[in-house]
There are 2 protein chains.
Amino acid sequence: MQALMMDRALTLPSILDYAARYHPDRQVVDRTVEGPIHRYGYADALLRTKRMANALVAMGVKPGDRVATLAWSTHRHFELYFAVTGIGAILHTINPRLSSEQIVWVANHAEDAFLFFDITFAGQVAALQAQMPRVGRFVAMTDAAHLPSEAPADALIYEDLIAANSEDFSWPELDERQASGLCYTSGTTGNPKGVLYSHRSTVLHAMALGLPDAFNFSARDVVMPCAQMYHANAWCTPYAAPLVGASLVLPGRALDGASIAELIEAEGVTFLLGVPTIWLGVADHLDQTGQRLTSVKTIAVGGSAPTAALISRIEDRLGGQVRQIWGMTETSPLGVINTPLPRHAGEDSAATLTRKVKQGRGLWGVDLRIMGEDGGELPRDGHSAGALQVRGPWVASAYFKHEGAEVFTDDGWFDTGDIATLDAEGYLRLTDRAKDVIKSGGEWISTLDLEDAVCSHPAVAMAAAVGVPHPKWDERPLLLVVLRPGQTADPEDLKAHVAARVARWWTPDEVRIVEALPIGPTGKVLKRELRDQLATPGRVPTP
Amino acid sequence: MQALMMDRALTLPSILDYAARYHPDRQVVDRTVEGPIHRYGYADALLRTKRMANALVAMGVKPGDRVATLAWSTHRHFELYFAVTGIGAILHTINPRLSSEQIVWVANHAEDAFLFFDITFAGQVAALQAQMPRVGRFVAMTDAAHLPSEAPADALIYEDLIAANSEDFSWPELDERQASGLCYTSGTTGNPKGVLYSHRSTVLHAMALGLPDAFNFSARDVVMPCAQMYHANAWCTPYAAPLVGASLVLPGRALDGASIAELIEAEGVTFLLGVPTIWLGVADHLDQTGQRLTSVKTIAVGGSAPTAALISRIEDRLGGQVRQIWGMTETSPLGVINTPLPRHAGEDSAATLTRKVKQGRGLWGVDLRIMGEDGGELPRDGHSAGALQVRGPWVASAYFKHEGAEVFTDDGWFDTGDIATLDAEGYLRLTDRAKDVIKSGGEWISTLDLEDAVCSHPAVAMAAAVGVPHPKWDERPLLLVVLRPGQTADPEDLKAHVAARVARWWTPDEVRIVEALPIGPTGKVLKRELRDQLATPGRVPTP
């Protein structure tokens, strides 16, 4: 029997409508690409968004069209988050850190019909224009005074569109399952793959993010995502913040420690999120200047797993508590989060750190399981490592155009490509990426554990463990280490440091100090590149 | 274009599955109808719920069947919340405060096929059995030792069913729009009308309830609903608490001050909800015993509007902050909630109280509008009073069997029957029930404002304003007042007290002190009954 409740679709424009009505003066603040800080309330943000919605319709954007952005975290990008999705089109946030070749590839694969770009990319876009023949309109996200001369000759100007269009616009009726966003994973193998979010998945994820044991968002918060808006929608915060009337601070292009610290303190930011290296940069800046931050309550850290030492350093220098998360573009991204349980009240600081280096526990909506090599589910015992698979209303069911279908199981789960354990308390602990795992004598060695072990040495800035061929054990670990500026260390000392912290047979045969490691567009070490370099006789790892 | 996200239905059993896995030891505590306190963790609650699911299937409950309860707030009722809905049947929570005639009427109207009853009602159920011919099975919610002799002869025993059935049960696939619950409003005009909740509406409402600016539920909370589980699902807390792993304390039958105060302190309750009179009872008990409560953080108050004096008294005696809500059975029930905004930080205590007597502000998901007598929308100016209409994914679209269709507008809104204003800050302020409004000289007089005004007098316990016919002004207000025990007051003094607080022409022509007022099954004054009594020459109001 069908219920008799209103069949109201869960749609993204309803979020901005709500914020404009009930939190008109709560702010969206950004560091513009042109330089100055821009700020307005949600009421004014809605009016400009409606102008842009009229502009999109006038320039021929149809429901289902892909509208691409090549843009930093700014108020104009925020407006497009709602204007594009609100008219039923699909916002394709391209990662500008991709190579030009990859940018062209994803734009063509997505069949983008419109491309909005920040002035940073004006020359690059002009150079690539001929290779993206489907893109019928380019729009420079600036005003006429700041349009670079190298931009495509026929590019429209965002502020001209805003000025020329009315703020009177009614959102069309939308199906909550229609696509709202497209974000490609920068996979390290094969071509990038597109995740096609729905209004429904995004709204449910935004609601779940706001709950107290997740991001705990209220109208008293000031949320600053330091994951760019092309990284899984800045972890969905541009939707989750207005849903509760939290202010939003968008850092623009500059994610260096000084720029971020300045915005945090000036805007009274309470909630930060981003990859660990961002917070290391902020901590270094604070060390150098002696500046103190006074407003931060929570720092959500994800993208790569921070060490205990790094967690301590972030908390000491930034104030606030670190909540690690694990997630992926395919999971919107929140999969698990590390929030203290009631039983953790009163634990000592060592126990707290041991807990905090785990990725976290499931929240309602996301089911997790660990699968063994034989395809059976492994016990949640904290040491049985296997393939992490997830399922839930904000998890992808397929990639755009059904590429890479092998990671979606027949029984409806997404295979993350991560190797992990789940413990009896429900904590997820990543041990490896499936493709990076070292298999030695038939057993797995966790590269993340080796890296964590060596990174706990004060001289070490970062590290990467890779498997190298071995005649007897198939593979043995090699640990490549980058030292902190001005530090020195003896490789044998580092090896001893690791040996004291991991299983005896995990100890790498060699620790090698290198100048740098190759880093990909999402800030992670490119281990495939590293293995290729190591396999080439006479080459040494280079960034 | 359809998105490519997993099409996972939002269903109620997923909530208990989650709590059992991630919060196995968080407690469901209740005062049983038999007397003792019962407690178990969510893991054990799930196992018993699955036994009951097997029992329901074995006794022939089919998807869509209505399974009625006549029961207090206990762990067995909690199990039925998930077992009945989890197998795809519909839980019909009958209000035992209804008259026997009304109970029979709603059971037959709902076409209940099964009826679970607490032993309190064993004799009543037996007496009514013949009048409910569709009910094929009666189940006494107790064990064999406590089965009253007067229960229906063929009644099954709940604990026997638990013992006889396996805890091995897999929830069937459910459509999120299928009906999960049925709750009749105890309307004061006409027959009761059934609200037919869906899994989807209930899950979305439970998620929204948990957000920090609503009920702010985390795994560190201990939630005690003092609205019975037949009152709009105890405001949905039996679903919202396990969704985040909060413990749940169910007070059973006893809602007197002593019983509630004892549970609050013994269980460390952090969150309370219920109608104002409950808290008055607790405050009186605390006054008498000198007992102090140490754990309460929030007291959500709804069902009727508390005065400023009552809010102060509740906060002073119980500890914690009052958050007023407005809602109805038809709104699941959360419609608006009064949570401080950032700009309220630092306001003085008088301003805080002025704010707290308003019903609250909208949250994402619930749209509100105020309609004038001409059918046009009124401005949100804080003084234009009109018909309050609401819309949202957890608002009813119709009543069961499409009774009372006139309150659902052609453009998709529910007309609440409340008269209210909305102000520029988004605050809703009820001024009346549409059917209770006093129209004098063509203008409305707010009965709630008159009652609030007189209740701020220290001698007054409760009050009811009603319109009485007047040859010139059509109606004029009469204010009936019940004094607090041991207090005396002069009616003319009370009139002067009111006159100082309301518009001059609102001042009642008469204030009359009475022994008591007629109270309905949800604890509200029955104004229709009152008007009928007043219209009968020679009668005086009696309870």
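See the structure above.
Because the structure is predicted, anything quoted here is derived from the model rather than measured. Every chain begins its residue count from 1, and numbering advances along the sequence as written. Chain letters and ligand numbers both follow the written order, the letters beginning at A and the numbers at 1. Predicted model: local features are reported for residues with pLDDT of at least 70 only, side-chain atom pairs are reported and counted for 80 or more only, and whole-chain, interface and lining totals are derived from all residues. The side-chain figures draw on all heavy atoms in the structure; neither hydrogens nor water molecules are used.

1. Describing the overall build of chain A
In this text, helices come from DSSP runs of H or I with a minimum length of four residues, and strands from runs of E with a minimum of two, each type numbered from the N-terminal end. Helices and strands together make up the secondary structure of chain A, namely 16 helices and 25 strands. Our radius of gyration looks at C-alpha atoms and nothing else; its globule reference is 2.2 Å times the residue count to the power 0.38. Whereas a compact globule of 543 residues would reach a radius of gyration of roughly 24 Å, chain A reaches 23 Å, a difference of no more than 12%. Expressed along its principal axes, the backbone C-alpha trace of chain A runs to roughly 70 × 60 × 55 Å. Throughout, exposure labels follow a simple rule: accessible area from a 1.4 Å probe, protein chains only, divided by the maximum for the residue type, with under 20% read as buried, over 50% as exposed, and the rest as partly exposed. When the 543 residues of chain A are sorted by exposure, 60% land in the buried category. Restricting to contacts in chain A with at least 6 residues of sequence separation, those with at least 24 account for 67%. Method for areas: the Shrake-Rupley scheme with a 1.4 Å probe, in which residue coverage is limited to the protein chains shown. Total accessible area on chain A is roughly 19,600 Å²; 50% of this is exposed by carbon and sulfur atoms. Here, residues are in contact when the closest pair of their heavy atoms is within 4.5 Å.

2. As for the side chain of Glu176(B)
Structurally, Glu176(B) can be placed in the loop between helix 6 (158-164) and strand 8 (179-185). For Glu176(B), a relative accessible area of 3% puts it in the buried group. Of note is the side chain of Glu176(B), whose polar atom sits 2.9 Å from the backbone nitrogen of Leu10(B). Contacts of Glu176(B), omitting those with residues within four sequence positions, involve Glu176(A), Arg177(A), Arg200(A), Arg8(B), Ala9(B), Leu10(B), Ser198(B), His199(B) and Arg200(B). Polar contact is defined as a pair of N or O atoms within 3.5 Å, subject to the rule that within protein one atom must be able to donate a hydrogen and the other to accept it, and that residues adjacent in sequence are counted only when both atoms are side-chain atoms.

3. Re the pattern of salt bridges
All names here are of chain B. Within this document, salt bridges are pairs made up of a side-chain nitrogen of Lys or Arg and a carboxyl oxygen of Asp or Glu, the two lying within 4 Å of each other. Counted under the stated rule, the structure contains 69 salt bridges over all chains. Residues arginine 343 and glutamate 425 are paired through a salt bridge, measuring 2.5 Å at the closest nitrogen-oxygen approach. One end of the pair, arginine 343, is in the loop between strand 15 (334-337) and helix 13 (349-356); the other, glutamate 425, is in the loop between strand 19 (414-422) and strand 20 (427-433), with 82 residues separating them in the sequence. Classification of arginine 343 by relative accessible area gives partly exposed; the value is 45%. Notably, a salt bridge pairs glutamate 451 with lysine 527, separated by 2.6 Å at the nearest N-O pair. Taken as a pair, glutamate 451 in helix 14 (residues 447-455) and lysine 527 in helix 16 (residues 527-535) lie far apart in primary sequence, 76 residues in all. In this structure, glutamate 451 and lysine 527 share a single accessibility class: buried.

4. A look at the sheet that holds strand 24 (residues 474-483) of chain B
Residues and elements named next belong to chain B. Taken together, the three strands give an open sheet; going across it, the order is 23-24-25, and neighbouring strands pair in mixed fashion. At either margin of the open sheet sits one strand with a lone partner, and together these are strand 23 (460-470) and strand 25 (510-513). The mean inter-strand angle of the sheet, taken between neighbouring strand axes irrespective of direction, is 25°. Being paired, for any two strands, means DSSP has found at least two bridges between them. Sheet analysis places strand 24 next to strand 25, joined by four bridges and oriented parallel. Here, axes are lines fitted to C-alpha atoms. For helices the fit covers the stretch in contact, and angles between N-to-C directions go from 0 to 180 degrees.

5. What to know about the packing of aromatic side chains
Only Phe, Tyr and Trp rings take part, Trp by its six-membered ring, and two of them pair if their centres are within 6.5 Å. Stacked means planes under 30 degrees apart, edge-to-face means over 60, and tilted covers everything else. Under the definition given, this model contains 30 aromatic pairs over all chains. Between the aromatic rings of Tyr42(B) and Phe78(B), the centroid separation amounts to 6.3 Å while the plane-to-plane angle is 45°, which identifies the pairing as tilted. Highlighted residues: Tyr42(B) in helix 2 (residues 42-58) and Phe78(B) in helix 3 (residues 75-86), separated in sequence by 36 residues. Residue classification places Tyr42(B) among the buried positions, given a relative accessible area of 0%. Seen in terms of ring centroids, Phe82(B) and Tyr239(B) are 5.1 Å apart; in terms of plane orientation they differ by 75°. Their pairing is edge-to-face. With a gap of 157 residues between them, Phe82(B) in helix 3 and Tyr239(B) in helix 9 (residues 237-244) connect regions that are remote in the sequence. What makes Tyr239(B) buried here is its relative accessible area of 3%. Taken together, the aromatic side chains of Tyr42(A), Phe78(A), Tyr81(A), Phe82(A) and Tyr239(A) make up a single cluster linked through ring pairs. Sitting over a ring, as applied to charges here, requires NZ of Lys or CZ of Arg to be within 6 Å of the ring centre and within 35 degrees of the ring normal. Geometry around Tyr427(A) places Lys358(A) over its ring, the cationic atom sitting 4.9 Å from the centre. One cation-aromatic arrangement involves Arg361(B) over Tyr427(B); the distance from NZ or CZ to the ring centre is 5.9 Å.

6. Structural notes on the sheet that holds strand 9 (residues 193-198) of chain B
Residue and element names in this part refer to chain B. Taken in spatial order, the seven strands of this open sheet run 7-6-5-3-4-8-9, and their pairing is mixed. Only two strands of the sheet have a single neighbouring strand rather than two, namely strand 7 (156-157) and strand 9. Note that strand 3 (residues 66-70) and strand 5 (residues 114-117) share four bridges and pair parallel. By the bridge assignment, alanine 68 is partnered in strand 5 with leucine 115. On the sheet, helix 3 packs against strand 3, strand 4 (90-93), strand 5 and strand 8 and is oriented at approximately 145° with respect to strand 4.

7. Notes on unusual backbone geometry
For the peptide bond that leads from Ser332(A) to Pro333(A), omega is 15°, which places it in the cis range. Note that Pro333(A) resides in the loop between strand 14 (321-327) and strand 15 (334-337). A positive phi angle, close to 55°, is found at Asn233(A), a residue other than glycine. The residue Asn233(A) is located in helix 8 (residues 232-235) in this model. Exposure remark for Asn233(A): the relative accessible area of 8% places this residue in the buried category. Positive phi, close to 55°, is recorded for His402(B), a residue that is not glycine. By the element assignment, His402(B) lies in the loop between strand 18 (386-391) and strand 19.

8. Side note on the nonpolar core
Among the nonpolar cores identified, the biggest contains 256 residues, and Phe78(A) and Phe78(B) are the most heavily contacted of them. Among all residues touching Phe78(A), those that are not within four sequence positions of it are Leu16(A), Val28(A), Tyr40(A), Tyr42(A), Ala45(A), Met229(A), Pro238(A), Pro242(A), Leu248(A) and Leu250(A). Put simply, buried Ala, Val, Leu, Ile, Met, Phe, Trp, Tyr and Cys residues joined by side-chain atoms within 4.5 Å make one nonpolar core.

9. Structural notes on helix 2 (residues 42-58) of chain A
Residue and element names in this part refer to chain A. Multiply 1.5 Å by the residue count of a helix minus one, and that product is the helix's expected span. Between the first and last C-alpha of helix 2 there are 24 Å, a value that for 17 residues agrees with the 24 Å anticipated at 1.5 Å per step. Along helix 2, the residues that are buried comprise Tyr42, Ala45, Leu46, Arg48, Thr49, Lys50, Met52, Ala53, Asn54, Ala55 and Leu56. In the segment just after helix 2, glycine 60 is the residue with positive phi, at about 100°.

10. Points about the relation of the copies chain A and chain B
What relates the pair of chain copies is a rotation about an axis plus a shift along that axis. Between chain A and chain B, which share one sequence, the superposing operator has a rotation angle of 180° and an axial displacement of 0.0 Å; the RMSD is 0.0 Å. Each copy turns onto its partner about a two-fold axis. Considering only C-alpha atoms, the part of chain A nearest the rotation axis is Leu211(A), at 2.4 Å. Interface residue correspondence from chain A to chain B reaches 100%, placing this contact among same-surface, isologous pairings. The copies were overlaid with a least-squares fit restricted to C-alpha atoms from residues scoring a pLDDT of at least 70 in each copy.

11. Side note on the interface of chain A and chain B
Interface size is commonly expressed as the accessible surface area that is lost when the partners come together. Each partner contributes to the interface: chain A provides 77 residues, whereas chain B provides 77 residues. With both chains or domains summed, chain A and chain B bury close to 6,300 Å², and 58% of this area falls on carbon and sulfur atoms. At the junction of chain A and chain B, the tally comes to eight salt bridges. Across the salt bridge formed by Glu176(B) and Arg200(A), the nearest N and O atoms sit 2.7 Å from each other. Connecting chain A to chain B are 32 residue pairs in polar contact (both at pLDDT 80 or more). Of all the elements in the fold, those that place two or more residues in the side of chain A that touches chain B are helix 1 (13-22), strand 9 (193-198), helix 7 (199-210), helix 9 (237-244), strand 16 (360-362), strand 17 (367-371) and strand 18 (386-391) of chain A. Buried area is understood as the total, over both parts, of accessible area removed when two parts are fitted together, assessed with a 1.4 Å probe.

12. Focus: the pairing of strand 3 (residues 66-70) of chain A
All names here are of chain A. For strand 3, a buried count of five out of five residues is recorded, marking the element as mostly surrounded by other parts of the structure. Of the two faces of strand 3, the one carrying Arg66, Ala68 and Leu70 and the one carrying Val67 and Thr69 are both buried. As paired elements, strand 3 and strand 4 (residues 90-93) share four bridges and run parallel to each other. When the bridges of strand 4 are listed, valine 67 appears paired with leucine 91. When the strands point away from the viewer and the connection leading from the first strand across the helix to the second strand turns clockwise, the crossover is called right-handed. Handedness of the β-α-β unit built from strand 3, helix 3 (residues 75-86) and strand 4 comes out right-handed.

Everything listed is a geometric property; what it means functionally is a separate question.
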